[in-house]
Amino acid sequence: MDEAGSCTSGGGFRPGVDSLDEPPNSRIFLVISKYTPESVLRERFSPFGEIQDIWVVRDKHTKESKGIAFVKFARSSQACRAMEEMHGRCLGPNDTKPIKVFIAQSRSSGSHRDVEDEELTRIFVMIPKSYTEEDLREKFKVYGDIEYCSIIKNKVTGESKGLGYVRYLKPSQAAQAIENCDRKQPSEFSNFDKNDNRGQEAISKRLSVVSRVPFTEEQLFSIFDIVPGLEYCEVQRDPYSNYGHGVVQYFNVASAIYAKYKLHGFQYPPGNRIGVSFIDDGSNATDLLRKMATQMVAAQLASMVWNNPSQQQFLQFGGSSGSQLPQIQTDVVLPPCKKKAPPETPVKERLFIVFNPHPLPLDVLEDIFCRFGNLIEVYLVSGKNVGYAKYADRISANDAINTLHGKILNGVRLKVMLADSPREESNKRQRTY
């Protein structure tokens, strides 16, 4: 920040620039009166927990307050509770304008976050595969009121993948859940089954990724999507360190093994080596290796770039047909697959698709959008988190919007809306990818 700032004085801990976001979501961003002194901020916010620092943003020439301040707490739950309690309140009896309180923007987030931000209220957990949703709720309800919890399951078998989500009503409750989970397993938010044998490395389709440098889901995806068959990736937030932790899952064990031995020790960014290890999912290693013996792993990985769809080729393993339908993990009820319309069919409606945090693979997109019927084509814009779908029927396009807009599929949130009128289609350059 280039503006001059006023900070706390005294003998307390003062975080450096590199530890401003450690633990994550422990800073709050305040919009206050220009005449509010730092002493009032300390008085009103210290009841929520240990304050490590206070910054009042000032004009670098006049040194006058700009009406913006930051408060750094020792714990994420303290910052979240301060936001919940103080947002929209007046700081003093003579103040007529309520203050605004948000969780401050970090290097890995795009904006300040408010009390309704889903990323603050939802946590990702690794659990024993024997857990039911009721077990999950029972384990985590001690930290606060749960809005919902869900277990990620195999779409074909219905079996748990050992992964789940818990969403609380308040961000402070989610933060307390993370802070109080097993600290001996920092890369796993929950490791309740003490009989799990993790002493030996097991072979599975799931990988644990650890880095001394934090990474985003988009960065994690771009690294591991180099190996074909990536099904799922998730960044885990560790409140006790600034390390990067993540989980990666492939559709088949062959891809996971290849990714483990190719990417373990890979430098990203240069000078920082990432650690990759298998996560024991209870599978029989002998059976997995026997299946792998009949599979083929392509050797053309070096030339693949995740944001260049023309170079993406997905390996197909097993099966006599030589192809597999992509797997879709979602709570959305999707209609069955339907045939695509011929390429020369006139375009009646065009949809614009936004992906967060990264695009879905093209074959998964086609499988999703063809289910509404009359799909002509779906394509991605190179290097962007956006794409388009063309339909030969307006009703089919509207059904896709109503079903998919704002929903999460394979860990990616979609925004689906109407694009340009089909009349303008002929005036645009045709994509060749």
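Please refer to the structure higher up on the page.
The structure reproduced in this document is the subject of the present report. (Residues numbered from 1 in each chain as written. Predicted model: local features only at pLDDT ≥ 70, side-chain atom pairs only at ≥ 80, totals over all residues. Heavy atoms only, no water.)

Examining the pattern of salt bridges
Alright, step 1. Tallied over the entire structure, the rule returns 7 salt bridges.
Alright, step 2. In this structure, glutamate 349 engages arginine 394 in a salt bridge whose closest nitrogen and oxygen atoms are separated by 3.7 Å. Taken together, the residues glutamate 349 in strand β13 (residues 349-356) and arginine 394 in helix α10 (residues 394-404) connect sequence positions 45 residues apart.
Alright, step 3. Judged by relative accessible area, glutamate 349 falls into the buried class, the value being 10%.
Alright, step 4. When its relative accessible area of 45% is taken as the criterion, arginine 394 is described as partly exposed.
Alright, step 5. Residues arginine 371 and aspartate 367 are paired through a salt bridge, measuring 3.4 Å at the closest nitrogen-oxygen approach. Neither residue differs from the other here; arginine 371 and aspartate 367 are each classed as buried. (Salt bridge = Lys/Arg side-chain N within 4 Å of Asp/Glu carboxyl O. Helix = DSSP H or I, 4+ residues; strand = E, 2+ residues; numbered from the N terminus. Buried < 20%, exposed > 50% of the residue type's maximum accessible area, 1.4 Å probe, protein only.)

Quick word on the sheet that holds strand β6 (residues 122-126)
Alright, step 1. Spatially, the 3 strands line up as an open sheet ordered β6-β8-β7, and their pairing is antiparallel. Sheet topology places β6 and β7 (146-153) at the edges, where each strand pairs with a single neighbour. Pairwise comparison of adjacent strand axes, ignoring direction, gives a mean angle of 20 degrees for this sheet.
Alright, step 2. Bridging between β7 and strand β8 (residues 160-168) involves 7 bridges; their strand directions are antiparallel. For isoleucine 151, the partnering residue across the bridge sits in β8 and is glycine 164.
Alright, step 3. Sitting on the sheet, helix α4 (residues 133-140) is in contact with β6, β7 and β8, with an inclination near 135 degrees to β7. (Pairing = 2+ DSSP bridges. Axes fitted to C-alpha atoms, helices over the stretch in contact; angles between N-to-C directions. Contact = heavy atoms within 4.5 Å.)

Comments concerning the packing of aromatic side chains
Alright, step 1. Inspection of the entire model under this criterion finds 5 aromatic pairs.
Alright, step 2. Measuring from ring centre to ring centre gives 6.3 Å for phenylalanine 140 and tyrosine 143, while their planes differ by 55 degrees; the resulting arrangement is tilted.
Alright, step 3. The class for phenylalanine 140 is buried, based on a relative accessible area of 0%.
Alright, step 4. Measuring from centroid to centroid gives 5.3 Å for phenylalanine 352 and tyrosine 388, while their planes differ by 55 degrees, and the two rings are tilted. Of this pair, phenylalanine 352 sits in strand β13 while tyrosine 388 is found in strand β15 (residues 386-391), placing the two residues 36 residues apart along the sequence.
Alright, step 5. For tyrosine 388, a relative accessible area of 14% corresponds to the buried category.
Alright, step 6. Above the ring of tyrosine 165, the side-chain terminus of arginine 122 is found at 4.1 Å from the ring centroid. (Phe/Tyr/Trp six-rings, centres within 6.5 Å; stacked < 30°, edge-to-face > 60°. Lys NZ or Arg CZ within 6 Å of the ring centre and 35° of its normal.)

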